[in-house]
Amino acid sequence: MELVCPAGNLPALKTAIDHGADTVYIGFADDTNARHFAGLNFNEERAMLGVEYAHVRGKKVYVAINTYPQPEIYQRWTEAIDRAARIGVDAVILADIGLMEYATRVHPNLNLHLSVQGSATSYEALDFYYQNFNIKRAVLPRVLSVAQVKKVVEYSPVDIEVFGFGSLCVMVEGRCILSSYATGRSPNTYGACSPASHVEYIENDIKLETRLGGVLIDSYEEHEIAGYPTLCKGRFEAMDNTYYALEEPTSLNTLEILPLIKEIGVKAIKIEGRQRSPAYIKTVAKTWSAALQQLESGNYQTKDEWNQALNDVSEGFQTTLGAYHRSWQ
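Residues numbered from 1 in each chain as written. Predicted model: local features only at pLDDT ≥ 70, side-chain atom pairs only at ≥ 80, totals over all residues. Heavy atoms only, no water.

Before we move on, can you summarise the pairing of strand S7 (residues 159-167) with the specific residues and values?
Burial runs high along S7: eight of the nine residues are buried. As judged from the three bridges shared by strand S6 (residues 137-139) and S7, these two strands associate in the parallel manner. Paired with Val 139 across the bridge in S7 is Glu 161. After leaving S6, the chain enters helix H6 (residues 146-155) and then returns to the sheet as S7, a path that is right-handed. Here four bridges tie S7 to strand S14 (residues 268-271), and the two strands are oriented parallel to one another. Across the sheet, Glu 161 pairs through a bridge with Ala 268, a residue of S14. Here S7 runs beside strand S13 (residues 251-253); their pairing, made up of three bridges, is antiparallel. Its bridge partner lying in S13, Ser 167 is registered against Ser 251. (Buried < 20%, exposed > 50% of the residue type's maximum accessible area, 1.4 Å probe, protein only. Helix = DSSP H or I, 4+ residues; strand = E, 2+ residues; numbered from the N terminus. Pairing = 2+ DSSP bridges. Right-handed = clockwise from strand over helix to strand, strands pointing away.)

Structure follows, in structure tokens:
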């Protein structure tokens, strides 16, 4: 299976390539991608250097243009597609139907992948995108069980890519507007689920508070590690208890079911984390490359050192199989 790793900057891209990634996915430095944070992402020059670095080594680069444009600034998204085609990327990852129509019409030779932000969870949906826009691949949302993924793969007209590791979103990607209530900026249009401009860390005599758009998300004792304030991962008082009401901070890790993922026909494993450091990229690329190589050898067994390495860079320092292991599915 193809190992698709994230990169938020050129050093991270090179690190991913150098440590075993088959493909790196990036975004441009604006709201056309779903990791729109200051200091992150690529301008055209840096993207071109990244594509050249990957292609010389026989690797690929995909560009995520996976937010939804608004009418008054629609041209910014079409220009991003033009830019991706101009620098010779191997595919663009799109969610918006209008952008797919534009890309198909203006750049007919450009490979299109359906983003996880497109929220397609059935083979009927994938067939629609294939018939109308000739997509080559789809990234499935992290809400399906293995049995459900298997059914999609069985009938899908295109290759399927699934997330194998990284921060876990409890919502159906592309449909969450939760943080927009706190910040006024929708992650589906602005490109950031908790924009840094609305984040506050407030230290008082007792605790460290994290706020998003003025909303108290969490508070930490001196011995606790303060996480980035994301609304769905905050601790709230409910029914006389204080707990993670929606989602406890944790990362997806599918190493233990990797043979099953391959068996059902998944073509690519995607790693989350374009907002993470080159050190994170090195750890996940090296670990997952080793696992996939052993999988191909036909004698796969999850190693403790792999899980330990991934635990060390996981959200909340813990991992889960997420929806993949739903026993009732």
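Still more to cover.
Would you mind going over the side chain of Glu 272 in detail, with residue names and values included?
Checked against the element boundaries, Glu 272 lands in the loop between S14 and helix H9 (278-297). With relative accessibility at 3%, the residue Glu 272 sits in the buried group. A polar side-chain atom of Glu 272 sits 3.1 Å from a polar atom in the side chain of Gln 275. Setting aside residues no more than four positions away along its own chain, Glu 272 makes contact with Pro 6, Tyr 25, Arg 35, Arg 142, Phe 163, Phe 165, Gly 166, Ser 167 and Tyr 280. (Polar contact = N/O pair within 3.5 Å; in protein donor to acceptor, adjacent residues only side chain to side chain. Contact = heavy atoms within 4.5 Å.)

Provide a residue-level description of the packing of aromatic side chains, including the pertinent values.
Tallied over the full model, the rule gives seven aromatic pairs. Between Phe 128 and Tyr 129 the ring centres are 5.4 Å apart and the planes differ by 80°, which places this aromatic pair in the edge-to-face class. Judged by centre distance (6.5 Å) and plane angle (40°), the rings of Tyr 129 and Phe 133 are tilted. Of the two residues, Tyr 129 and Phe 133 are both situated in helix H5 (residues 123-133); the distance of four residues between them amounts to about one turn of the helix. For Tyr 129, a relative accessible area of 10% puts it in the buried group. Of the aromatic side chains, those joined through ring pairs into one cluster are Phe 128, Tyr 129 and Phe 133. Its end group placed over the ring of Tyr 220, Arg 235 keeps NZ or CZ at 5.4 Å from the ring centre. (Phe/Tyr/Trp six-rings, centres within 6.5 Å; stacked < 30°, edge-to-face > 60°. Lys NZ or Arg CZ within 6 Å of the ring centre and 35° of its normal.)

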